[in-house]
Amino acid sequence: MKDEPSEFDIIQSILQGDREAYRLLVNRYKDFAYTIALKIVDDADLAEDVAQESFIKAFQALDKFQGTAKFSTWLYRIVFNTAINQQRKDKHTQQGMGIEDSAVESALPRSAREPDYLEQEDKARYITIAMSKLAPVDAAILNMFYLKELSLAEISEITNMKNSALKVRLFRARKKMAVVLKQLLSTEVSTL
């Protein structure tokens, strides 16, 4: 199996005029770039536009990339800022950001033959609903920390927050999520 080129090698190739090499970077980071954008703008089509715009911005500014952080951190900061700016421009941003249970359920496959899967599906459904009720930045931070497993230093670099402020924001986001989950579950239990 052929080893993939390093970020540094790809960036050097791009800077030397190999624009096709940029496709390698896009393919490596497009999924999480989209996830960050989606957590902030809460619209799939708009998230795709934000991710694409962010890759264009990164390509145009690649000669300014100093390599003091990982390329992915630098790129995710561009995505984060682009999504925040888009959200500010978007006059139709919903305040509550609720999503219907049916929309969440239809996004998750069902398998009645696997009891453990149903339990996992329920957990995923409640987590998705709870995340949707958080502020977009909080949801993005939780996603980066728990799902992408980025370090606090990397998230701090992406969000341009001081490490101490980020820790407080992460703590508060976890608390908010716990409250939302408790409310969701108590409502669910009371309807049984």
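For every chain, the first residue of the written sequence is number 1, and numbering continues from 1 onward in sequence order. Two thresholds apply to this predicted model, a pLDDT of at least 70 for residue-level local features and 80 or more for giving and counting side-chain atom pairs, whereas whole-chain, interface and lining totals are computed over all residues. Each side-chain value is worked out from all heavy atoms of the structure, with water and hydrogens disregarded.

What am I meant to see in the nonpolar core here?
One recurring pattern in soluble globular proteins: nonpolar side chains tend to sit buried together. Nine residue types can take part in a nonpolar core, namely buried Ala, Val, Leu, Ile, Met, Phe, Trp, Tyr and Cys, and a core is a set of them joined through side-chain atoms within 4.5 Å. Relative accessibility thresholds used throughout: buried, under 20% of the residue-type maximum; exposed, over 50%; partly exposed, between the two (1.4 Å probe, protein chains only). Counting 51 residues, the largest nonpolar core has Leu25, Ile36, Phe71, Leu75, Tyr76, Phe80 and Met144 as the members making the most contacts within it. Secondary structure elements follow DSSP: runs of H or I of four or more residues count as helices, runs of E of two or more count as strands, with numbering from the N terminus. At the level of elements, α1 (7-15), α2 (22-41), α3 (44-60), α4 (71-89), α6 (115-132), α7 (136-147), α8 (152-159) and α9 (163-190) are the ones that each hand at least two residues to this core. Contact definition: two residues touch when any of their heavy atoms are within 4.5 Å. For Leu25, the residues in contact, after removing those within four places along its chain, are Ile10, Ile11, Ile14, Phe55 and Phe71.

Mind showing me how you'd approach the packing of α1 against α2 here?
When two helices pack together, their arrangement is given by the angle between the helix axes and the distance between those axes. Where helices are involved, their axes are fitted lines through C-alpha atoms of the stretch in contact, as for all axes, and angles between N-to-C directions lie from 0 to 180°. Axis separation between α1 and α2 bottoms out at 8 Å; the angle between their running directions is 140°. By the angle between their directions, the pair α1 and α2 is classed as oblique. Along its contact with α1, which presents Glu7, Ile10, Ile11 and Ile14, the element α2 presents Tyr22, Leu24, Leu25, Arg28 and Tyr29. Within the contact of α1 with α2, the residues separate by chemical class into 7 nonpolar, no polar and 2 charged. Note that the term roughly parallel is reserved for angles under 35 degrees, roughly antiparallel for angles over 145, roughly perpendicular for angles of 65 to 115, and oblique for everything else. Residue type decides the class: Asp, Glu, Lys and Arg count as charged, Ala, Val, Leu, Ile, Met, Phe, Trp, Tyr, Cys and Pro as nonpolar, and the leftover types, Gly among them, as polar.

Would you mind showing me how to read the packing of α2 against α3 here?
Axis separation between α2 and α3 bottoms out at 8 Å; the angle between their running directions is 135°. The pairing of α2 with α3 is recorded here as oblique in orientation. α3 is crossed by α2, and the crossing has right-handed handedness. Judged by residue contacts, Tyr22, Leu25, Val26, Tyr29, Lys30, Ala33, Tyr34, Ala37, Leu38 and Val41 of α2 engage Ala44, Leu46, Ala47, Glu48, Val50, Ala51, Phe55, Ala58 and Phe59 from α3. Taken together, the residues of the contact of α2 with α3 sort by class into 17 nonpolar, no polar and 2 charged. What makes a crossing left-handed is the near helix being turned counterclockwise from the far one by less than a right angle; a clockwise turn instead makes it right-handed.

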